[in-house]
Amino acid sequence: MELSPETPPTVEPEIETSHVEEFVEQLSCVTNSLPSRINIDAQSVEQGLAKLVLTLIEFIRRLLEKQAVRRMEGGDLSPEQIEELGLALMKLEAKLQELKEQFGLADEDLNLDLGPVGRLI
Amino acid sequence: MKLYVYCLVEKIDALLAPVSGVSGAPVDLIRLDDFSFLVTQLEGDSAPPVTRDNVLAHDAVVRSVLNETTPLPFRFGTVQTESHLRSYIRTHRTALEAKLAVVRGCVEMSVKIISNLDESDLETTSERTEEGPGGRFLNEKRREILGGERRAKEAREVAAWLKEQVGSFVRQEAISLCPTEKLIVAAAHLVVREQVTKYRGGLAIARNARPELHFLVSGPWPPYTFSNIELEFKTRFGVS
Amino acid sequence: MDEQLKQVDIFEQSDISLLETLDHVLNRGLVIAGEITISVADIDLIFLGLNVLLSSVETANEVLRKRE
(Lines give C-alpha, C1' and ligand atoms only; values in the text may rest on other atoms or scores of the structure.)
Protein backbone atom coordinates (compact mmCIF):
# COMPACT_ATOMS: atom_id res chain seq x y z
CA MET A 1 0.00 0.00 0.00
CA GLU A 2 1.54 3.26 -1.00
CA LEU A 3 1.12 6.26 1.19
CA SER A 4 1.13 9.58 -0.55
CA PRO A 5 4.07 11.58 0.81
CA GLU A 6 1.70 14.25 2.01
CA THR A 7 -0.43 11.90 4.04
CA PRO A 8 -0.08 12.63 7.75
CA PRO A 9 2.41 10.12 9.15
CA THR A 10 -0.04 8.82 11.71
CA VAL A 11 -3.80 8.71 11.90
CA GLU A 12 -4.07 8.95 15.65
CA PRO A 13 -6.24 11.94 16.47
CA GLU A 14 -4.33 14.85 17.79
CA ILE A 15 -6.15 17.00 20.27
CA GLU A 16 -4.76 20.44 20.61
CA THR A 17 -5.92 23.22 22.87
CA SER A 18 -4.52 25.72 25.33
CA HIS A 19 -7.59 25.48 27.52
CA VAL A 20 -8.05 21.86 28.48
CA GLU A 21 -10.16 22.30 31.60
CA GLU A 22 -12.55 24.71 29.97
CA PHE A 23 -13.22 22.34 27.13
CA VAL A 24 -13.46 19.32 29.40
CA GLU A 25 -16.18 21.16 31.30
CA GLN A 26 -18.14 22.09 28.20
CA LEU A 27 -17.78 18.72 26.49
CA SER A 28 -18.84 16.95 29.68
CA CYS A 29 -22.12 18.84 29.56
CA VAL A 30 -22.68 17.40 26.15
CA THR A 31 -21.81 13.80 26.89
CA ASN A 32 -23.03 13.53 30.48
CA SER A 33 -26.61 13.81 29.45
CA LEU A 34 -26.42 10.62 27.45
CA PRO A 35 -27.60 7.52 29.25
CA SER A 36 -25.65 4.43 28.41
CA ARG A 37 -28.57 2.19 27.84
CA ILE A 38 -32.25 2.60 27.10
CA ASN A 39 -34.41 -0.28 28.12
CA ILE A 40 -37.72 -0.25 26.39
CA ASP A 41 -40.12 -1.38 29.02
CA ALA A 42 -43.38 0.18 30.07
CA GLN A 43 -41.79 2.63 32.46
CA SER A 44 -39.22 3.89 29.99
CA VAL A 45 -41.71 4.41 27.22
CA GLU A 46 -43.67 6.50 29.66
CA GLN A 47 -40.59 8.43 30.55
CA GLY A 48 -39.75 8.88 26.90
CA LEU A 49 -43.16 10.30 26.23
CA ALA A 50 -42.92 12.51 29.29
CA LYS A 51 -39.66 13.83 27.93
CA LEU A 52 -41.27 14.63 24.62
CA VAL A 53 -44.23 16.39 26.20
CA LEU A 54 -42.15 18.30 28.73
CA THR A 55 -39.68 19.33 26.05
CA LEU A 56 -42.45 20.87 24.03
CA ILE A 57 -43.91 22.61 27.07
CA GLU A 58 -40.46 23.88 28.00
CA PHE A 59 -40.01 25.21 24.48
CA ILE A 60 -43.30 27.08 24.66
CA ARG A 61 -42.51 28.34 28.14
CA ARG A 62 -39.29 29.89 26.88
CA LEU A 63 -41.10 31.47 23.98
CA LEU A 64 -43.57 32.97 26.44
CA GLU A 65 -40.74 34.38 28.53
CA LYS A 66 -39.12 35.95 25.50
CA GLN A 67 -42.38 37.44 24.40
CA ALA A 68 -43.05 38.81 27.90
CA VAL A 69 -39.62 40.43 28.02
CA ARG A 70 -40.20 41.98 24.61
CA ARG A 71 -43.52 43.42 25.69
CA MET A 72 -41.91 44.75 28.84
CA GLU A 73 -39.14 46.37 26.82
CA GLY A 74 -41.69 47.74 24.42
CA GLY A 75 -43.16 49.77 27.27
CA ASP A 76 -46.77 48.88 26.69
CA LEU A 77 -47.27 47.03 29.97
CA SER A 78 -48.30 48.69 33.18
CA PRO A 79 -46.32 47.90 36.36
CA GLU A 80 -49.24 45.80 37.57
CA GLN A 81 -49.31 43.84 34.36
CA ILE A 82 -45.58 43.25 34.50
CA GLU A 83 -45.89 42.00 38.04
CA GLU A 84 -48.75 39.65 37.20
CA LEU A 85 -47.06 38.36 34.09
CA GLY A 86 -43.82 37.77 36.01
CA LEU A 87 -45.58 35.90 38.79
CA ALA A 88 -47.46 33.69 36.35
CA LEU A 89 -44.29 32.81 34.47
CA MET A 90 -42.52 32.16 37.74
CA LYS A 91 -45.19 29.64 38.68
CA LEU A 92 -44.99 28.02 35.27
CA GLU A 93 -41.26 27.59 35.63
CA ALA A 94 -41.68 26.11 39.10
CA LYS A 95 -44.41 23.75 37.92
CA LEU A 96 -42.29 22.49 35.07
CA GLN A 97 -39.42 21.92 37.47
CA GLU A 98 -41.75 19.87 39.66
CA LEU A 99 -42.82 17.75 36.69
CA LYS A 100 -39.22 17.16 35.65
CA GLU A 101 -38.42 15.94 39.13
CA GLN A 102 -41.44 13.68 39.15
CA PHE A 103 -40.19 11.94 36.02
CA GLY A 104 -36.57 11.96 37.06
CA LEU A 105 -35.52 14.20 34.21
CA ALA A 106 -32.71 16.72 34.25
CA ASP A 107 -32.57 19.96 32.32
CA GLU A 108 -30.28 18.42 29.72
CA ASP A 109 -32.79 15.63 29.08
CA LEU A 110 -35.24 18.01 27.55
CA ASN A 111 -34.26 18.69 24.02
CA LEU A 112 -35.19 17.75 20.52
CA ASP A 113 -32.67 17.47 17.77
CA LEU A 114 -34.03 18.73 14.50
CA GLY A 115 -31.04 17.93 12.34
CA PRO A 116 -29.91 20.76 10.10
CA VAL A 117 -32.29 23.11 11.86
CA GLY A 118 -30.46 22.55 15.11
CA ARG A 119 -31.80 21.70 18.50
CA LEU A 120 -35.22 22.82 19.65
CA ILE A 121 -33.91 24.34 22.85
CA MET B 1 -26.20 -14.43 14.93
CA LYS B 2 -25.60 -10.76 15.12
CA LEU B 3 -22.83 -8.59 13.85
CA TYR B 4 -21.44 -5.51 15.51
CA VAL B 5 -20.72 -3.17 12.62
CA TYR B 6 -17.89 -0.66 12.78
CA CYS B 7 -17.74 0.80 9.29
CA LEU B 8 -18.25 0.39 5.59
CA VAL B 9 -15.11 0.40 3.49
CA GLU B 10 -14.23 0.29 -0.15
CA LYS B 11 -11.09 -0.94 -1.83
CA ILE B 12 -9.89 -3.18 0.94
CA ASP B 13 -9.32 -6.86 0.27
CA ALA B 14 -7.98 -7.85 3.63
CA LEU B 15 -7.08 -6.32 6.94
CA LEU B 16 -3.40 -5.44 6.98
CA ALA B 17 -3.02 -6.33 10.60
CA PRO B 18 -5.37 -7.92 13.07
CA VAL B 19 -7.18 -5.39 15.20
CA SER B 20 -9.19 -6.00 18.31
CA GLY B 21 -12.64 -4.59 18.73
CA VAL B 22 -15.40 -4.19 21.30
CA SER B 23 -15.11 -6.37 24.39
CA GLY B 24 -11.70 -7.36 23.10
CA ALA B 25 -13.29 -9.51 20.41
CA PRO B 26 -11.69 -10.04 16.98
CA VAL B 27 -12.62 -7.96 13.97
CA ASP B 28 -13.45 -9.47 10.58
CA LEU B 29 -13.69 -7.99 7.15
CA ILE B 30 -16.79 -9.26 5.37
CA ARG B 31 -18.04 -8.65 1.89
CA LEU B 32 -21.73 -8.16 1.17
CA ASP B 33 -22.57 -7.57 -2.46
CA ASP B 34 -19.79 -5.19 -3.45
CA PHE B 35 -19.37 -3.43 -0.14
CA SER B 36 -17.03 -4.45 2.61
CA PHE B 37 -17.64 -4.08 6.32
CA LEU B 38 -15.56 -4.32 9.43
CA VAL B 39 -17.54 -6.33 11.93
CA THR B 40 -17.33 -8.35 15.09
CA GLN B 41 -19.43 -11.45 15.47
CA LEU B 42 -21.40 -11.15 18.68
CA GLU B 43 -22.41 -13.89 21.00
CA GLY B 44 -26.04 -13.32 21.74
CA ASP B 45 -28.15 -10.36 20.77
CA SER B 46 -27.01 -7.54 22.98
CA ALA B 47 -24.94 -4.67 21.84
CA PRO B 48 -21.81 -4.10 23.87
CA PRO B 49 -22.20 -1.61 26.74
CA VAL B 50 -21.00 1.94 26.47
CA THR B 51 -17.69 1.78 28.26
CA ARG B 52 -14.47 3.65 27.85
CA ASP B 53 -12.71 0.64 26.39
CA ASN B 54 -15.47 -0.21 23.95
CA VAL B 55 -15.79 3.35 22.71
CA LEU B 56 -12.05 3.62 22.17
CA ALA B 57 -12.01 0.20 20.51
CA HIS B 58 -14.76 1.22 18.11
CA ASP B 59 -12.82 4.27 17.03
CA ALA B 60 -9.56 2.32 16.83
CA VAL B 61 -11.12 -0.23 14.49
CA VAL B 62 -12.55 2.41 12.18
CA ARG B 63 -9.28 4.24 12.28
CA SER B 64 -7.26 1.14 11.44
CA VAL B 65 -8.14 1.49 7.75
CA LEU B 66 -7.84 5.26 7.59
CA ASN B 67 -4.34 5.15 6.15
CA GLU B 68 -5.51 3.23 3.10
CA THR B 69 -9.02 4.45 2.48
CA THR B 70 -11.76 6.61 3.93
CA PRO B 71 -14.43 4.46 5.60
CA LEU B 72 -18.00 5.37 6.42
CA PRO B 73 -18.12 4.85 10.17
CA PHE B 74 -21.23 3.49 11.83
CA ARG B 75 -22.44 4.93 15.08
CA PHE B 76 -21.34 3.07 18.17
CA GLY B 77 -23.73 0.27 19.01
CA THR B 78 -24.81 -0.74 15.53
CA VAL B 79 -25.84 -4.38 15.72
CA GLN B 80 -27.39 -6.17 12.76
CA THR B 81 -27.90 -9.60 11.36
CA GLU B 82 -26.10 -10.22 8.11
CA SER B 83 -29.37 -10.39 6.22
CA HIS B 84 -30.53 -7.03 7.60
CA LEU B 85 -27.23 -5.52 6.64
CA ARG B 86 -27.64 -6.92 3.15
CA SER B 87 -31.11 -5.48 2.76
CA TYR B 88 -29.83 -2.18 4.13
CA ILE B 89 -27.23 -2.05 1.38
CA ARG B 90 -29.78 -2.90 -1.23
CA THR B 91 -32.21 -0.20 -0.22
CA HIS B 92 -29.54 2.46 0.29
CA ARG B 93 -27.01 1.59 -2.35
CA THR B 94 -27.19 4.88 -4.21
CA ALA B 95 -27.01 7.01 -1.09
CA LEU B 96 -24.10 4.97 0.28
CA GLU B 97 -22.16 5.24 -2.95
CA ALA B 98 -22.80 8.95 -2.99
CA LYS B 99 -21.53 9.29 0.57
CA LEU B 100 -18.44 7.27 -0.22
CA ALA B 101 -17.77 9.61 -3.11
CA VAL B 102 -18.13 12.65 -0.91
CA VAL B 103 -15.73 11.44 1.77
CA ARG B 104 -13.27 9.72 -0.56
CA GLY B 105 -9.72 10.84 0.09
CA CYS B 106 -10.72 12.94 3.08
CA VAL B 107 -10.50 13.00 6.83
CA GLU B 108 -12.55 14.88 9.36
CA MET B 109 -11.15 17.69 11.45
CA SER B 110 -12.94 19.17 14.42
CA VAL B 111 -12.81 22.75 15.71
CA LYS B 112 -14.58 23.84 18.86
CA ILE B 113 -14.56 27.43 20.02
CA ILE B 114 -15.29 28.83 23.46
CA SER B 115 -16.06 32.46 24.06
CA ASN B 116 -16.15 33.93 27.54
CA LEU B 117 -18.60 36.70 26.91
CA ASP B 118 -18.98 38.95 29.88
CA GLU B 119 -22.63 39.60 30.64
CA SER B 120 -22.06 42.17 33.34
CA ASP B 121 -22.30 45.05 30.94
CA LEU B 122 -25.90 44.30 30.05
CA GLU B 123 -27.87 47.14 31.55
CA THR B 124 -30.73 46.32 33.77
CA THR B 125 -33.78 48.54 33.68
CA SER B 126 -33.87 50.83 36.66
CA GLU B 127 -35.33 49.11 39.69
CA ARG B 128 -38.48 50.66 40.91
CA THR B 129 -39.03 50.35 44.62
CA GLU B 130 -42.52 48.99 44.12
CA GLU B 131 -41.27 46.20 41.89
CA GLY B 132 -42.45 42.86 43.20
CA PRO B 133 -41.17 39.33 42.73
CA GLY B 134 -42.89 39.04 39.35
CA GLY B 135 -41.15 42.12 38.02
CA ARG B 136 -37.80 40.99 39.36
CA PHE B 137 -38.30 37.60 37.72
CA LEU B 138 -38.92 39.21 34.35
CA ASN B 139 -35.94 41.50 34.71
CA GLU B 140 -33.70 38.56 35.40
CA LYS B 141 -35.11 36.74 32.40
CA ARG B 142 -34.54 39.83 30.34
CA ARG B 143 -30.88 39.77 31.25
CA GLU B 144 -30.60 36.10 30.38
CA ILE B 145 -32.46 36.43 27.12
CA LEU B 146 -30.52 39.43 25.92
CA GLY B 147 -27.33 37.64 26.83
CA GLY B 148 -28.48 34.61 24.87
CA GLU B 149 -29.26 36.68 21.82
CA ARG B 150 -25.89 38.35 22.00
CA ARG B 151 -24.21 34.95 22.22
CA ALA B 152 -26.15 33.65 19.25
CA LYS B 153 -25.12 36.67 17.25
CA GLU B 154 -21.50 36.20 18.22
CA ALA B 155 -21.71 32.52 17.33
CA ARG B 156 -22.97 33.31 13.85
CA GLU B 157 -20.24 35.86 13.35
CA VAL B 158 -17.49 33.50 14.54
CA ALA B 159 -18.79 30.68 12.37
CA ALA B 160 -18.74 32.93 9.31
CA TRP B 161 -15.26 34.15 10.17
CA LEU B 162 -14.01 30.57 10.61
CA LYS B 163 -15.40 29.66 7.22
CA GLU B 164 -13.44 32.53 5.68
CA GLN B 165 -10.25 31.35 7.34
CA VAL B 166 -10.24 27.69 6.37
CA GLY B 167 -13.04 27.39 3.83
CA SER B 168 -10.73 26.97 0.86
CA PHE B 169 -9.33 23.75 2.35
CA VAL B 170 -12.67 22.29 3.35
CA ARG B 171 -14.79 20.08 1.12
CA GLN B 172 -17.78 20.11 3.41
CA GLU B 173 -18.56 21.61 6.80
CA ALA B 174 -21.07 20.85 9.51
CA ILE B 175 -21.50 23.58 12.10
CA SER B 176 -23.39 23.66 15.35
CA LEU B 177 -23.93 27.03 17.03
CA CYS B 178 -24.03 27.39 20.81
CA PRO B 179 -24.21 23.73 21.82
CA THR B 180 -23.55 25.03 25.32
CA GLU B 181 -23.39 28.50 26.82
CA LYS B 182 -19.67 28.88 26.53
CA LEU B 183 -19.09 26.62 23.54
CA ILE B 184 -20.36 28.89 20.82
CA VAL B 185 -19.18 27.03 17.74
CA ALA B 186 -18.59 23.32 17.16
CA ALA B 187 -17.46 22.71 13.60
CA ALA B 188 -16.67 19.52 11.73
CA HIS B 189 -14.69 19.90 8.52
CA LEU B 190 -14.21 17.36 5.75
CA VAL B 191 -10.68 17.96 4.50
CA VAL B 192 -8.84 16.27 1.66
CA ARG B 193 -5.86 14.46 3.19
CA GLU B 194 -3.28 16.34 1.20
CA GLN B 195 -4.70 19.62 2.42
CA VAL B 196 -4.66 18.86 6.13
CA THR B 197 -1.35 20.63 6.63
CA LYS B 198 -2.58 23.75 4.87
CA TYR B 199 -5.82 23.54 6.82
CA ARG B 200 -3.90 23.42 10.09
CA GLY B 201 -1.82 26.35 8.91
CA GLY B 202 -4.93 28.36 8.18
CA LEU B 203 -6.27 27.54 11.61
CA ALA B 204 -3.06 28.54 13.32
CA ILE B 205 -3.18 31.94 11.68
CA ALA B 206 -6.84 32.30 12.62
CA ARG B 207 -6.21 31.45 16.25
CA ASN B 208 -3.49 34.06 16.53
CA ALA B 209 -5.75 36.65 15.01
CA ARG B 210 -8.37 36.19 17.71
CA PRO B 211 -6.76 35.54 21.07
CA GLU B 212 -10.00 36.31 22.89
CA LEU B 213 -11.44 33.04 21.55
CA HIS B 214 -10.39 29.67 22.94
CA PHE B 215 -9.92 26.88 20.44
CA LEU B 216 -9.88 23.11 20.58
CA VAL B 217 -8.71 21.41 17.41
CA SER B 218 -8.81 17.65 17.03
CA GLY B 219 -8.22 15.26 14.21
CA PRO B 220 -7.80 13.61 11.91
CA TRP B 221 -10.96 11.60 12.49
CA PRO B 222 -12.77 9.15 10.26
CA PRO B 223 -15.73 11.07 8.80
CA TYR B 224 -18.31 10.29 11.51
CA THR B 225 -20.10 13.58 11.02
CA PHE B 226 -20.44 13.21 7.27
CA SER B 227 -21.54 9.60 7.06
CA ASN B 228 -25.16 9.48 7.98
CA ILE B 229 -27.72 9.16 5.23
CA GLU B 230 -30.86 8.81 7.30
CA LEU B 231 -32.71 12.05 7.91
CA GLU B 232 -34.58 10.78 10.90
CA PHE B 233 -31.49 10.24 12.98
CA LYS B 234 -30.28 13.59 14.08
CA THR B 235 -27.00 14.13 15.75
CA ARG B 236 -26.53 16.60 18.49
CA PHE B 237 -24.58 18.83 16.19
CA GLY B 238 -27.22 19.30 13.58
CA VAL B 239 -25.98 17.01 10.85
CA SER B 240 -28.32 14.90 8.75
CA MET C 1 -21.21 -4.83 38.65
CA ASP C 2 -17.91 -4.24 36.92
CA GLU C 3 -19.67 -3.08 33.79
CA GLN C 4 -21.71 -0.64 35.81
CA LEU C 5 -18.59 0.77 37.37
CA LYS C 6 -17.06 1.21 33.96
CA GLN C 7 -20.16 3.02 32.79
CA VAL C 8 -19.97 5.42 35.70
CA ASP C 9 -16.28 5.77 35.01
CA ILE C 10 -16.88 7.04 31.52
CA PHE C 11 -18.69 10.10 32.79
CA GLU C 12 -16.11 10.95 35.41
CA GLN C 13 -13.21 10.93 33.05
CA SER C 14 -11.67 14.26 32.55
CA ASP C 15 -9.75 12.88 29.64
CA ILE C 16 -10.36 15.35 26.85
CA SER C 17 -9.39 12.89 24.22
CA LEU C 18 -12.01 10.46 25.48
CA LEU C 19 -14.63 13.20 25.49
CA GLU C 20 -13.82 14.10 21.90
CA THR C 21 -13.97 10.44 20.91
CA LEU C 22 -17.30 10.03 22.68
CA ASP C 23 -18.63 13.05 20.85
CA HIS C 24 -17.78 11.48 17.50
CA VAL C 25 -18.58 7.87 18.17
CA LEU C 26 -21.80 8.21 20.15
CA ASN C 27 -23.39 11.19 18.43
CA ARG C 28 -22.54 10.66 14.80
CA GLY C 29 -21.88 8.01 12.21
CA LEU C 30 -24.06 5.91 9.96
CA VAL C 31 -27.24 4.70 11.51
CA ILE C 32 -29.37 1.92 10.14
CA ALA C 33 -33.07 2.65 10.23
CA GLY C 34 -35.20 -0.24 11.27
CA GLU C 35 -32.59 -1.37 13.71
CA ILE C 36 -34.37 0.03 16.69
CA THR C 37 -37.50 -1.86 17.49
CA ILE C 38 -39.92 -0.84 20.17
CA SER C 39 -40.21 -4.22 21.66
CA VAL C 40 -40.43 -5.42 25.19
CA ALA C 41 -38.04 -8.31 24.65
CA ASP C 42 -34.59 -8.19 26.23
CA ILE C 43 -33.06 -6.09 23.55
CA ASP C 44 -30.59 -3.52 24.68
CA LEU C 45 -30.59 -0.20 22.88
CA ILE C 46 -27.42 1.73 22.82
CA PHE C 47 -28.76 4.74 20.94
CA LEU C 48 -29.29 7.65 23.13
CA GLY C 49 -31.55 10.46 23.99
CA LEU C 50 -35.03 11.57 23.20
CA ASN C 51 -34.42 11.70 19.48
CA VAL C 52 -33.83 7.98 19.64
CA LEU C 53 -37.34 7.39 20.82
CA LEU C 54 -38.68 9.77 18.21
CA SER C 55 -36.63 8.07 15.58
CA SER C 56 -37.85 4.72 16.76
CA VAL C 57 -41.39 5.81 16.24
CA GLU C 58 -40.56 7.19 12.82
CA THR C 59 -38.64 4.08 11.90
CA ALA C 60 -41.48 1.80 12.91
CA ASN C 61 -43.79 3.81 10.68
CA GLU C 62 -41.36 3.66 7.82
CA VAL C 63 -41.03 -0.06 8.14
CA LEU C 64 -44.80 -0.43 8.17
CA ARG C 65 -45.15 1.78 5.13
CA LYS C 66 -42.62 -0.21 3.21
CA ARG C 67 -44.50 -3.42 3.91
CA GLU C 68 -47.70 -2.06 2.44
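Our subject is the structure listed above.
Residues numbered from 1 in each chain as written. Chains lettered and ligands numbered in written order. Predicted model: local features only at pLDDT ≥ 70, side-chain atom pairs only at ≥ 80, totals over all residues.

A. Molecular detail of the overall build of chain A. Counting its regular elements, chain A contains three helices and one strand. Listing each helix as α and each strand as β along chain A from the N terminus yields β-α-α-α. In chain A, buried positions account for 19% of the 121 residues. Here the analysis covers contacts within chain A between residues at least 6 apart in sequence; of these, 68% occur between residues at least 24 apart. (Helix = DSSP H or I, 4+ residues; strand = E, 2+ residues; numbered from the N terminus. Buried ≥ 20, exposed ≤ 12 C-beta atoms within 10 Å, placed from the backbone. Contact = placed C-beta atoms within 7 Å.)

B. Representation of the overall build of chain B within the structure. Helices and strands together make up the secondary structure of chain B, namely four helices and nine strands. Counting helices and strands in the order they occur from the N terminus, chain B gives β-β-β-α-β-β-α-β-α-β-β-α-β. Relative to the compact-globule value of 18 Å for 240 residues, chain B shows a C-alpha radius of gyration of 23 Å, a clear excess of over 25%. Oriented by its inertia axes, the alpha-carbon framework of chain B measures out at about 75 × 40 × 30 Å. Within chain B, buried positions represent 44% of all 240 residues. The contacts of chain B with a sequence gap of at least 6 include a subset with a gap of at least 24, amounting to 74%. (Rg over C-alpha atoms; globule rule 2.2 N^0.38 Å.)

C. The arrangement of the sheet that holds strand β8 (residues 183-192) of chain B in detail. Here we have five strands laid out as an open sheet, ordered β1(A)-β9(B)-β6(B)-β8(B)-β7(B), and antiparallel in their pairing. Of all the strands in the sheet, just β1 (14-17) of chain A together with β7 (170-177) of chain B have a single pairing partner and so form its edges. Neighbour-to-neighbour, the strand axes of the sheet open up by a mean angle of 15°, direction not taken into account. Both strand β6 (residues 106-115) of chain B and strand β9 (residues 213-221) of chain B contribute to a ladder of seven bridges, which runs antiparallel. What sits directly across from Ile114 of chain B, in β9 of chain B, is His214 of chain B. Across the sheet, helix α3 (residues 133-166) of chain B is in contact with β6, β7, β8 and β9 of chain B; its angle to β8 of chain B comes to roughly 20°. Across the face of the sheet, helix α2 (residues 16-27) of chain C comes into contact with β1 of chain A together with β6 and β9 of chain B while running at roughly 115° to β1 of chain A. (Pairing = 2+ DSSP bridges. Axes fitted to C-alpha atoms, helices over the stretch in contact; angles between N-to-C directions.)

D. Representation of helix α1 (residues 52-63) of chain B. Helix length check: α1 of chain B, at 12 residues, gives a terminal C-alpha distance of 16 Å against a target of 16 Å (1.5 Å per residue), a fit within 8%. Residues of α1 of chain B that are buried: Asn54, Val55, Ala57, His58, Asp59, Val61, Val62 and Arg63 of chain B. (Expected span 1.5 Å × (residues − 1).)

E. Expanded view of the environment of Ser168 of chain B. Residue and element names in this part refer to chain B. As for its position among the elements, Ser168 is in the loop between α3 and β7. A tally of 11 C-beta atoms within 10 Å means that Ser168 is categorised as exposed. Taking the C-alpha atoms as reference points, Ser168 and Ile89, separated by 79 residues in sequence, lie 33 Å from one another.

F. Molecular detail of the environment of Ala187 of chain B. Residue and element names in this part refer to chain B. Looking at the element boundaries, Ala187 is found in strand β8. Residue classification places Ala187 among the buried residues on the basis of 23 C-beta atoms within 10 Å. Considering only alpha carbons, one finds Ala187 and Ala159, 28 residues apart in sequence, at a separation of 8.2 Å.

G. Just the nonpolar core, in detail. Counting residues in each nonpolar core, the largest one holds 66 residues, and the members touching the most others are Val5, Tyr6, Cys7, Leu38, Val185 and Val191 of chain B. Here the element with the most residues in this core is β8 of chain B; it accounts for eight residues. Setting aside residues no more than four positions away along its own chain, Val191 of chain B makes contact with Cys106, Val107, Met109, Phe169, Val170, Arg171, Val196 and Tyr199 of chain B. Core analysis: the next-biggest nonpolar cluster, separate from the first, contains seven residues, Ala68, Val69 and Met72 of chain A together with Phe137 of chain B among them. (Core = buried A, V, L, I, M, F, W, Y, C linked by C-beta atoms within 7 Å.)

H. Highlighting the pairing of strand β1 (residues 2-9) of chain B. Residues and elements named next belong to chain B. Summarising burial for β1: seven of the eight residues are buried, a large majority. Bridge count between β1 and strand β3 (residues 35-42): seven bridges; the pairing is antiparallel. Counted as the bridge partner of Tyr4 is Thr40 from β3. Both β1 and strand β5 (residues 79-81) contribute to a ladder of three bridges, which runs antiparallel. By the bridge assignment for β5, Lys2 is matched with Thr81. Summarising the sheet, β1 and strand β4 (residues 72-73) pair through two bridges and their orientation is antiparallel. Of the residues in β4, the one forming a bridge with Leu8 is Leu72.

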